[in-house]
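# Residue-level structure breakdown
Below, each chain spelled out in residue letters.
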Amino acid sequence: MSQLCLGLALCLPLSSLAMNLSDGQRVPPVGVGDKGELVLAQDQFSYQPWNSARLPGKVRVIQHIAGRSSAKEMNAALIEAIKAARLPHDRYQTTTIVNTDDAIPGTGMFVRSSIESNKQQYPWSQFVVDSDGVVRKAWDLQPKGSAIAVLDKEGKVQFKKDGALSQQEVQQVTDLLHKLLK
């Protein structure tokens, strides 16, 4: 019994490292066809297929969140720091991927309404609605959570974390963004 407990304890930390984004590499390829990228044109919302191959070109923060308020709050401090930094929209973009497959049942309509409101408020940001959870599966992210990745303009991962960032990590990410944008 003690060997079983020891074996389980040794496996637990490895599950938190399951995220398969590698430093200096592009994110694993994935496409979202059901819903996809939210587009706002002439005050009308629509969706278009989204693919990770479109990520290179700008420095970006990718925020992948489950469609639940608890996941949104996990890295809210980073989003506030990014807003305060007033990064140049021509060279920087935040890409928020919302996994509505991982929403509390019955809340999908409210989640999409919140995403649309954010798109209106921050039209230069990219919002992707993933109704089937394909990004979480492709990138091996934890359910019910929030993951952050910083990509350079070539689309290569410079920072990654699956879970809530500490205040020190928020500062690390904002410093990294300023460095990448120089």
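Residues numbered from 1 in each chain as written. Predicted model: local features only at pLDDT ≥ 70, side-chain atom pairs only at ≥ 80, totals over all residues. Heavy atoms only, no water.

Of the regular secondary structure elements, the chain holds 6 helices and 7 strands. The C-alpha atoms of the chain give a radius of gyration of 17 Å, which matches the 16 Å a tight globule of 182 residues would have. Burial analysis of the chain (182 residues in total) assigns 42% to the buried set. Once local pairs closer than 6 in sequence are excluded, the contacts in the chain between residues at least 24 apart make up 74%. For the chain, the accessible surface area stands at approximately 9900 Å², while carbon and sulfur atoms represent 53% of it. (Helix = DSSP H or I, 4+ residues; strand = E, 2+ residues; numbered from the N terminus. Rg over C-alpha atoms; globule rule 2.2 N^0.38 Å. Buried < 20%, exposed > 50% of the residue type's maximum accessible area, 1.4 Å probe, protein only. Contact = heavy atoms within 4.5 Å. Areas by Shrake-Rupley, 256 points an atom, 1.4 Å probe, with all protein chains shown as cover.)

In this section: the nonpolar core. If you look at the biggest cluster of nonpolar residues, it comprises 17 residues, and the most contacted ones within it are L21, V27, W50, I62, I97, V135 and W139. Among the elements of the structure, α5 (134–139) and β6 (146–151) are those that each provide at least two residues to this core. Here this core takes 3 residues from β6, the largest share from any one element. Filtering out sequence-adjacent residues up to four positions away, V27 remains in contact with L21, S52, L55, I62, W139, L151, G155 and V157. V61, L87, F159 and L181 belong to the second-largest nonpolar core, a separate cluster that totals 16 residues. (Core = buried A, V, L, I, M, F, W, Y, C linked by side-chain atoms within 4.5 Å.)

We now examine the environment of L40. By secondary structure assignment, the location of L40 is in strand β1 (residues 31–41). Here L40 falls in the partly exposed class, since its relative accessible area comes to 28%. Spatially, the C-alpha atoms of L40 and Q120 are 7.5 Å apart, while their sequence positions differ by 80 residues. When sequence neighbours within four positions are dropped, the list of residues in contact with L40 reads F45, K119 and Q120.

So, on to the sheet that holds β1. Reading across from one edge, β2-β1-β5-β4-β3-β6-β7 is the order of the 7 strands in this open sheet, with mixed pairing throughout. The open sheet has two free edges, formed respectively by β2 (44–51) and β7 (157–162), since each of these has just one partner strand. Across the sheet, the mean angle separating the axes of adjacent strands is 20° when strand polarity is ignored. Taken strand by strand, helix α3 (residues 76–85) contacts β3 (59–66), β4 (92–99) and β6, and its axis lies near 150° from that of β3. Docked against the sheet, helix α6 (residues 167–180) engages β3, β4, β6 and β7, running at close to 160° with respect to β7. (Pairing = 2+ DSSP bridges. Axes fitted to C-alpha atoms, helices over the stretch in contact; angles between N-to-C directions.)

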